[in-house]
Each structure stands twice: as structure tokens, then as C-alpha cells.
Amino acid sequence: MVHLYENNGLKIALDVNSGAIHLVDEMAYKLIPKIEELIKNDELDENQITGPTAEILELYHQKMLFTPDTYEDYINEVKDRETVVKALCLHVAHDCNLACRYCFAEKGEYGGNDNGPKLMSLDVGKRALDFLVTNSGNRHNLEVDFFGGEPLLNWEMIKELVTYGRSLEKEHYKNFRFTLTTNGILLNEEMFSFINQEISNVVLSIDGRKEVNDRMRPLHDGRGSYDLIIEKFIKLAESRNQADYYVRGTFTRENLDFTEDVKHLANLGFKQISIEPMISCESNLPKSNSLTELVNEVPGEGPAANPDFALCPEDVPAICAEYDRLAKYLLTRKEKGQPINFFHFMIDLTGGPCAAKRLSGCGAGSEYLAVTPGGDLYPCHQFVGQPEFLMGNISDGITKTALYDNFKATNVYTKPKCRDCFAKFYCSGGCAANAYKLTGDLNDCDDLACDLQRKRVECAIMLKCDGSS
Amino acid sequence: MKHIKTITPGTLTETVKKGGCGECQTSCQSACKTSCTVGNQSCEQSLIVEKK
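Residues numbered from 1 in each chain as written. Chains lettered and ligands numbered in written order. Predicted model: local features only at pLDDT ≥ 70, side-chain atom pairs only at ≥ 80, totals over all residues. Heavy atoms only, no water.

Draft legend 1. Representation of the pattern of salt bridges within the structure. Residue and element names in this part refer to chain A. For the structure on display, the rule yields 32 salt bridges over all chains. Among the ionic pairs, Lys 210 bridges to Asp 227, the shortest N-O distance being 3.0 Å. Within this pair, whereas Lys 210 is found in helix H7 (residues 210-216), its partner Asp 227 is found in helix H8 (residues 226-239), the two being separated by 17 residues in sequence. Note on Lys 210: relative accessible area 34%, which makes it partly exposed. Taken together, the shared-partner salt bridges connect Glu 6, Lys 11, Glu 26 and Lys 30 into one network. (Salt bridge = Lys/Arg side-chain N within 4 Å of Asp/Glu carboxyl O. Helix = DSSP H or I, 4+ residues; strand = E, 2+ residues; numbered from the N terminus. Buried < 20%, exposed > 50% of the residue type's maximum accessible area, 1.4 Å probe, protein only.)

Draft legend 2. Main features of the sheet that holds strand E6 (residues 175-182) of chain A. Residues and elements named next belong to chain A. Pairing is mixed in the open sheet, where 11 strands are placed in the order E10-E9-E8-E7-E6-E5-E4-E11-E12-E13-E14. On the outer flanks of this sheet lie strand E10 (341-342) and strand E14 (397-398), each paired with one strand and no other. Here H8 sits on the sheet in contact with E6, strand E7 (199-205) and strand E8 (245-251), set at roughly 155° to E7. (Pairing = 2+ DSSP bridges. Contact = heavy atoms within 4.5 Å. Axes fitted to C-alpha atoms, helices over the stretch in contact; angles between N-to-C directions.)

Draft legend 3. Highlighting helix H2 (residues 51-61) of chain A. Listed as buried for H2 of chain A are Pro 52, Thr 53, Glu 55, Ile 56, Leu 57 and Leu 59 of chain A. Looking at the buried side of H2 of chain A, the elements it contacts are strand E3 (20-24) and helix H1 (26-40) of chain A together with strand E1 (4-8) of chain B. Positive backbone phi, at 60°, marks Lys 63 of chain A, one or two positions downstream of H2 of chain A.

Draft legend 4. The arrangement of the side chain of Lys 11 of chain A in detail. Residues and elements named next belong to chain A. With respect to the helices, strands and loops of the structure, Lys 11 is situated in strand E2 (residues 10-15). Side-chain polar atoms of Lys 11 contact the side chain of Glu 26, separated by 3.1 Å. The residues contacting Lys 11, other than those within four sequence positions of it, are Tyr 5, Glu 6, His 22, Leu 23, Val 24, Asp 25, Glu 26 and Tyr 29. (Polar contact = N/O pair within 3.5 Å; in protein donor to acceptor, adjacent residues only side chain to side chain.)

Draft legend 5. Seen up close, unusual backbone geometry. Residues and elements named next belong to chain A. Looking along the chain, the bond that leaves Gly 148 and enters Gly 149 is cis, with omega of 15°. One can find Gly 149 in the loop between strand E5 (141-147) and helix H5 (155-172). At Lys 63, a position not held by glycine, the phi torsion is positive, near 60°. Inspection of the secondary structure assignment puts Lys 63 in the loop between H2 and helix H3 (72-80).

Draft legend 6. Inspection of the nonpolar core at higher detail. All names here are of chain A. Ranked by size, the top nonpolar core spans 144 residues in total, and within it Leu 90, Phe 146 and Tyr 323 carry the most contacts. Those residues in contact with Leu 90 that sit more than four places away from it in its chain are Met 120, Ala 128, Val 144, Asp 145, Phe 146, Phe 147, Leu 161 and Val 371. In this structure, Val 24, Ala 28, Leu 65 and Phe 66 belong to the second largest nonpolar core, which totals 15 residues. (Core = buried A, V, L, I, M, F, W, Y, C linked by side-chain atoms within 4.5 Å.)

Draft legend 7. Representation of the packing of helix H6 (residues 189-198) of chain A against H8 of chain A within the structure. Residue and element names in this part refer to chain A. Two elements in contact, H6 and H8, have axes whose closest approach is 11 Å; the angle formed by their N-to-C orientations is 35°. Crossing of H6 against H8: the hand is right-handed. Residues Glu 189, Phe 192 and Asn 196 of H6 form the contact with H8, whose own contacting residues are Lys 232, Lys 235, Leu 236 and Ser 239. Looking at the contact of H6 with H8 residue by residue, the class counts come to 2 nonpolar, 2 polar and 3 charged. (Left-handed = near helix turned anticlockwise from the far one by under 90°. Nonpolar A, V, L, I, M, F, W, Y, C, P; charged D, E, K, R; others polar.)

Right under this line is the structure:
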């Protein structure tokens, strides 16, 4: 499969199954699909071929064009391997000092279905790390994200838990990589040295322009949060030498001009920026697969209706045009010697993930689990609070093994919509939680998210090609 | 070549032979939390080589 597209004046050919990328001229651009068809039908006569056709065939013989998909058997081998838990999302606080309008965590309350404590105790935190060490096999690097709600509501516990984690490393030959996702309200400069010493990546939540941020990210009394966080975020980013952090925002249909938000953050000096599409919550298809039967053992309340600022399919052309505008802005900054990094346009063409990783997906429900303040286990942070997805707890481990098996089995070849998608090895089948929320099926896809993912991959590749033409 | 310039030769098929160590980052532990962004990560082994 070859994906041909034009972006920013460049004609680009992506050989999907090898990952090879070529810049092509007009003649080659037109010939590649024709030659692919001839090869597929075994109708190509290689004698007396010259010009662009000869070049295309040379790349074909070098396995850089028309590379066949040989991964379907391989994924079964990968999935048969023993799976270890390598990452935990620790919900250290199911409470929040903001009332963000789009929050999937419903202001830290996660649907109100978690009747446990609001703050994770040090004891639960320690047992979660013990659970991770015990269930991580030979895996050396272990990831723990402090998440919420707002994790800084439980700051003293975080500090003690990090110290505990470090005490486990030598004996068990493990390396903890702690990360933190915070809205910054409680952040203070006294925390900086600990964060910079112990936290390998910090995600700082802000949506961009003050008016955009404050419309979606108010305090409980309705006041905007921008003025309370911005100076602290600037200082923290500087204290980390503009690395190992992201300022991360969410765009909705109320700011489809989100390039302006990226510009705003870049002009404040931030160099690591992520602005992501809001996830929808409305289910538009009946739930009808075997997983549904499994999870319906415990009836949930069902998904909430989408608010009026949720992204809609009719927004896709405008969002794609905005991604093009953003890509050009990044190029302009790069040309001026002021580059910034936009998370969703990052792509590693030479040292990217291996096939096993790209085929396997995000690992939710098998390699990656979320832990509530009371110690319950869920497939990932987005499933927390849905009783049907409660998988077990840190004391007893995973008790709902059928659910675990379902998540583990999911991969790009179990998802029919991924088969003919050129982006499948970049998103690995997409977000399981989004797919389930939108379709009721882990092996279906959120079509809107897929459209945006494909556009981002195209932009990311274009950015790598620019300057090479 | 006059008509085609290769930006990257692609190594995906090669990684089948030696990949799958599992030491890489979990995608949702990065900056996302609401999407799946495997393609923009780096292989842990390539990072180790870089550091050396």
C-alpha cells in the first residue's frame, strides 16, 4: 500500500508497510498507482522501462515501495507473549480545584461512580508501586503518572511515594519514570526543585489564549484560571531548560483557530506544546459486541450527551485546514531559528517504534492500568468510574480476566477500519476508550479522531520532508 | 534518481527481527491522555544508542 498526497507544495509517497518516504515529481506521482496495479495483477513487463518507471521499480526491488503487509501472522506471535504491567496512571486525587467544561473526568468525580476516598493514601500508593514491581517481569523501566482530578491536591503523598519508589529500584533492578499532569493552580516555586529532580515529564494544562482558556477552564466560582497559572508555567518551563514538559491544551469547536493558541504559547516562550482535540462522549451506535455482553454484567448509566462545543464531523475540513496552517507556522518559526515542538506533529522516521509496538496499540487494560484513590484497577484513566470496566484492585490483582483478555487481544488487525488505513502504524489503532465511548466496540474506531489522526500524520511527514525538495 | 528523492528508506520490516523488547514508553504517559500517539515516540533501544 502506498499513500500519495500533496501538502505544502510537496508530493509525498509513503510506503505504508516499510515506512519508507519519498518526495516525487509530477510524473512519478501519476505513475506510482498505475505501477502498483500492474504489479498486483502480475502484468508488468520490466523490459524496456526507463525514466520514472525505472526509478519506481528500483525502489520496489529495494523494498521501499509496494512492500507487502507481512505483519498479520507476526502480531499473533507478539500477542501470545506474556504481558507485563509496565505503566500505572495513579489517580492520587479524585477531586479538582477547577471546573473545566470539557473534562472527561467530570471535574475529578469520574461520573460519581467511585465511592472510595477522594485522595489516595500513602499506603494505597505504596501497594500500587509494589503491584507494579511484582507484575512487571523483567521490564526495567516502569512508568507512573500522577493524575487526577488534580494531583497537587495530594502533593505531600506524591513526594513520599516517589521516595518509596526510589527505595525499590536497586533491589528489584527497576527504574521508575514518574510523570505529573497538573492544572498548576497549587503549583509553587518550592515544588520546582523536587519536580525537576524527580519527575521525568510534566504536563501543564492550559488551553492557550486567556479568553479561550478561561472560557473552558474556570474555577468553581466561575473565575478564569489563566492568571493564576501562567507565570508559574513560564518559570517551571524555564527551570527545566525548555525540555521534558508540555504545555497541553484542548481545542473545541469554539476555538477551531487553535493555531492562534499555539502561537500565543510559543510567543510566551514555551517550546514544548500540545493542543489536542476534545474527545466526544456521545454514543452513536448500539452496543452489540461480545465485550458489551461482558461489561453489561454491571449496568452503567450510559454516556452523557455531547455539549454544544464538542467537535462534529462537519468540523473536520476546518480542523484539517487549521492543521495545515499550524504546520506552516512551525516551518516559519524554524526558518527564523525559533523552532517549537508540537506534540502531535512529532514523528521519528529513523528511530521510531518497532513493528511489535506499532501493531499492539496503547496497551490499555494489559500493560497500562489506572489506579483509583481506593486502589481499584481500570483499563486506563478514561474508563475510571465506569463500573463495568472495574478490572480488580491492587490487593487481588486483575480479577476480571475476560476483560483483560479482550484488551490484550486488540490490535490493528482486529479493527476492520484500520486494514486499509495508511496511518495505522502511527496511531496503532487509536484510542480504545474513545472507540468504546463512540461505538460501544473496542475494535471499532472514532471516525472523527481517525480523520484528524490521518491529517496530523500527513503534516508530520511533510514537516520532515520540507527543505529536502 | 531524477524523479524521486528518498527521505527515509523505512525500517519497519527490519524491526520484526529484533524488536519487541517492551521497554518503550506507554503512549498515554506522554502528553496525550486522550488519543493514541505511538508513531511519534522513539524506540528505547535507539535512545540508548544515541546516549552512548
